[in-house]
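Structural overview
The chain contents come next:
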Amino acid sequence: MATAPIPDLKDLIDQAKGLFKETFGEEPQVGGSAPGRVNLIGEHTDYNIGFVLPMALPLVTVVLGKKSGFGTLKGLLYLGNILYYYTLPHIIWNGMSRIRSEKDDDIAEFDVKQLTPGSPSWANYVKGVVANFHAPDLIPNFNDVVVGSVPLGGGVSSSASVEVAMYTFLEELTGSTAGSDEEKALACQAAEHQYAGMPCGIMDQFITVMGEEGSVVLIDCKTMETRSLKTVFI
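Conventions adopted
Residues numbered from 1 in each chain as written. Predicted model: local features only at pLDDT ≥ 70, side-chain atom pairs only at ≥ 80, totals over all residues. Heavy atoms only, no water. Helix = DSSP H or I, 4+ residues; strand = E, 2+ residues; numbered from the N terminus. Buried < 20%, exposed > 50% of the residue type's maximum accessible area, 1.4 Å probe, protein only. Contact = heavy atoms within 4.5 Å. Areas by Shrake-Rupley, 256 points an atom, 1.4 Å probe, with all protein chains shown as cover. Pairing = 2+ DSSP bridges. Axes fitted to C-alpha atoms, helices over the stretch in contact; angles between N-to-C directions. pLDDT = per-residue confidence, 0-100. Polar contact = N/O pair within 3.5 Å; in protein donor to acceptor, adjacent residues only side chain to side chain. Parallel < 35°, antiparallel > 145°, perpendicular 65-115°, else oblique. Left-handed = near helix turned anticlockwise from the far one by under 90°. Core = buried A, V, L, I, M, F, W, Y, C linked by side-chain atoms within 4.5 Å. Salt bridge = Lys/Arg side-chain N within 4 Å of Asp/Glu carboxyl O.

1. With respect to the overall build of the protein chain
From N to C terminus, the protein chain includes 5 helices and 10 strands. Out of the 234 residues in the protein chain, the part that is buried amounts to 48%. Long-range contacts, defined here as pairs at least 24 residues apart, represent 62% of the contacts in the protein chain between residues at least 6 apart. Of the roughly 12,600 Å² of accessible surface on the protein chain, 55% is carried by carbon and sulfur atoms.

Structure (structure tokens):
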């Protein structure tokens, strides 16, 4: 049986642009992406402080969006003896953040200054990244969409892919980058611990941040030292 082709990054970006325009009626301005992963050696040893040898996959998650800022003002106005109903665009600098996943028609809504885990459960990964971003005070409320080719529940770390793509999106949104790859990966791990309730090790987030095409990454989960190794698969 033939396998389905893997969508390339451009196709996913185009899909995300279309979903954003459909959902929010405008074009996204910034974005981030991150891959899934497969582990070659050391299964279940990352949270037991051992060695692992994962590699990034060509399956990726894309997050596109922009700052939220405009809303609609509605109301009633009396002029003389006539009652008018009006709808006007206006700026909402302290509005809400809204996120839509291609896999869910519902839009998750929250305020970046008042974060708590809740429903839908997939949005908790996003909230956790916002809460653990290195410069939380710089994050405005935003609208974004999540699109990807990493299969959910397939054992290839779709959750870390979403987290790292979201962190990269926030870096672009705020203009502020993490001090190191390790800081970024650990923030995404903390997001999963605190908001998704999953006590994972460091492997998924480390390889999702640090993985490169044609390489595997040897990770010492005790010292957090990493070594990228060029690999040829025959």
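Back to the write-up after that little detour.
2. What about the sheet that holds strand β10 (residues 225-230)?
Strand pairing in a sheet relies on backbone hydrogen bonds. The paired strands run either parallel or antiparallel. If you trace the 3 strands from one edge of the open sheet to the other, you get β2-β9-β10, paired in antiparallel fashion. Only two strands of the sheet have a single partner each, and these edge strands are β2 (51-52) and β10. By the bridge criterion, 2 bridges tie β2 to strand β9 (residues 215-220) in an arrangement that is antiparallel. From the neighbouring strand, Val52 faces β9, where its bridge partner is Ile219. Here helix α5 (residues 203-210) sits on the sheet and contacts β2, β9 and β10; the angle it forms with β9, its principal contact strand, is near 140°.

3. Here's the deal with the sheet that holds strand β1 (residues 30-39)
Pairing is mixed across the open sheet formed by 5 strands, whose spatial order is β1-β3-β8-β6-β7. Strands at the two margins of the open sheet, each flanked by one partner only, are β1 and β7 (104-110). Across this sheet, the average inter-strand angle for adjacent strands is 20°, counted without regard to direction. Examined bridge by bridge, strand β3 (residues 54-67) and strand β8 (residues 142-148) share 7 bridges and lie antiparallel to one another. Its bridge partner lying in β8, Leu64 is registered against Val145. Here helix α3 (residues 158-174) sits on the sheet and contacts β1, β3 and β8; the angle it forms with β1, its principal contact strand, is near 155°.

4. Re the confidence of the model for the protein chain
Residues with a pLDDT of 70 or more make up 87% of the protein chain, whose mean pLDDT is 89. Per-element confidence in the protein chain ranges from a low mean pLDDT of 54 for strand β4 (residues 70-79) to a high of 98 for helix α4 (residues 181-195). For the stretch residues 90-94, pLDDT sits under 50, and the model shows 13 contacts to residues farther than four places along the chain or on other chains.

5. Describing the environment of Glu22
Of note, Glu22 is situated in helix α1 (residues 9-24). For Glu22, the side chain forms a polar contact with the side chain of Arg100, separated by 3.1 Å.

6. As for the packing of α3 against α4
What describes two packed helices is the angle between their axes and the distance between those same axes. Contact geometry for α3 and α4: axes closest at 10 Å, N-to-C directions at 120°. The angle between α3 and α4 falls in the class oblique. Of the two possible hands of crossing, α3 and α4 adopt the one that is right-handed. Contacts from Ser159, Ala160, Glu163, Val164, Tyr167, Thr168 and Glu171 in α3 reach Lys184, Ala187, Cys188 and Glu192 in α4.

7. Focus on the nonpolar core
Counting residues in hydrophobic clusters, the biggest one holds 38 residues, and the most contacted among them are Val130, Phe142, Met166 and Leu170. For this core, the elements supplying multiple residues, two or more each, are α2 (123-132), β8, α3, α4, α5 and β9. The element best represented in this core is α3, accounting for 8 residues. Counting residues in each nonpolar core, the second largest holds 10 residues, with Ala16, Phe24, Val62 and Leu64 among its members.

8. Let's talk about the pattern of salt bridges
A full pass over the atoms with the stated rule returns 9 salt bridges. One salt bridge in this structure joins Asp14 and Lys10, with 3.0 Å as the shortest N-O distance. One end of the pair is Asp14 and the other is Lys10, both in helix α1 and 4 residues apart, which spans about a single turn. On the accessibility criterion, Asp14 (37% relative accessible area) is partly exposed. Of the charged contacts in the structure, one is a salt bridge between Glu109 and Arg98, with a shortest N-O distance of 3.1 Å. Here Glu109 is found in strand β7, whereas its partner Arg98 is found in strand β6 (residues 97-101), with 11 residues between them in sequence. Salt bridges here are not isolated pairs; linked through shared partners, they connect Glu22, Arg100 and Asp105.

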